[in-house]
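# Summary of structural features
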Amino acid sequence: MNNFHDQKLWQDAFVVLMDIHTTFEGMREGDNQEVVEDCIESATNVAAKIADGLSRQDKRFGRQVLLDAIGLVAVVRTHLAVAWGRGMVTDDVFKATDDKYQSLTESLQNTR
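A brief structural summary.

### Things to note about the environment of E37
Secondary-structure assignment places E37 in helix 2 (residues 33-55). The spatial distance from the C-alpha of E37 to the C-alpha of T90 is 18 Å, given a sequence separation of 53 residues.

### Quick notes on helix 3 (residues 59-85)
In this model, helix 3 (27 residues) spans 39 Å end to end at C-alpha, consistent with the 39 Å of a helix rising 1.5 Å per residue. Those residues of helix 3 lying buried are G62, V65, L66, A69, I70, V73, V76, L80 and A83. Structurally, helix 3 contributes buried residues whose contacts are with helix 1 (8-23), helix 2 and helix 4 (91-109). At the N-terminal end of helix 3, a side-chain oxygen is found 3.1 Å from the backbone nitrogen of R60, two or three residues along, and the residue is D58.

### Notes on the packing of aromatic side chains
Scanning all chains against the criterion turns up 3 aromatic pairs. Aromatic side chains F4 and W10 sit 5.3 Å apart centroid to centroid with 65° between the ring planes, which places their arrangement in the edge-to-face category. Look at F4 and you get partly exposed, because its relative accessible area is 21%. Residue W10 is classed as buried on the basis of its relative accessible area, which comes to 12%. When the centroid spacing of 5.0 Å and the interplanar angle of 20° are considered together, the rings of W10 and F14 count as stacked. Remark: F14 and W10 occur in helix 1; sequence separation between them is 4 residues, near one turn of the helix.

About the cut-offs
- Residues numbered from 1 in each chain as written.
- Predicted model: local features only at pLDDT ≥ 70, side-chain atom pairs only at ≥ 80, totals over all residues.
- Heavy atoms only, no water.
- Helix = DSSP H or I, 4+ residues; strand = E, 2+ residues; numbered from the N terminus.
- Expected span 1.5 Å × (residues − 1).
- Buried < 20%, exposed > 50% of the residue type's maximum accessible area, 1.4 Å probe, protein only.
- Contact = heavy atoms within 4.5 Å.
- Polar contact = N/O pair within 3.5 Å; in protein donor to acceptor, adjacent residues only side chain to side chain.
- Phe/Tyr/Trp six-rings, centres within 6.5 Å; stacked < 30°, edge-to-face > 60°.

Structure follows, in structure tokens:
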């Protein structure tokens, strides 16, 4: 069984998940709480789905799980865009984080 912690794909997802946590640190209360929780939950789901796909012994099924993660990346990018649209994150933070998710999407699409 593969240890997903050792896989670059999961490591990339984990790094951007930690970026999401850092970005929204201290914002879990008030009017923005739902947006923050949605961003963190969806980013966590991306890393978890990738871990699931990388841990599968059936490589074909594992690849399908990884392809499913692409849709989850779209969800987190949408939540991030909502946070940006509400002024919760700066343009620079939005761009940097969104670029990391775009790169992750490309890596997921190229997984064999």
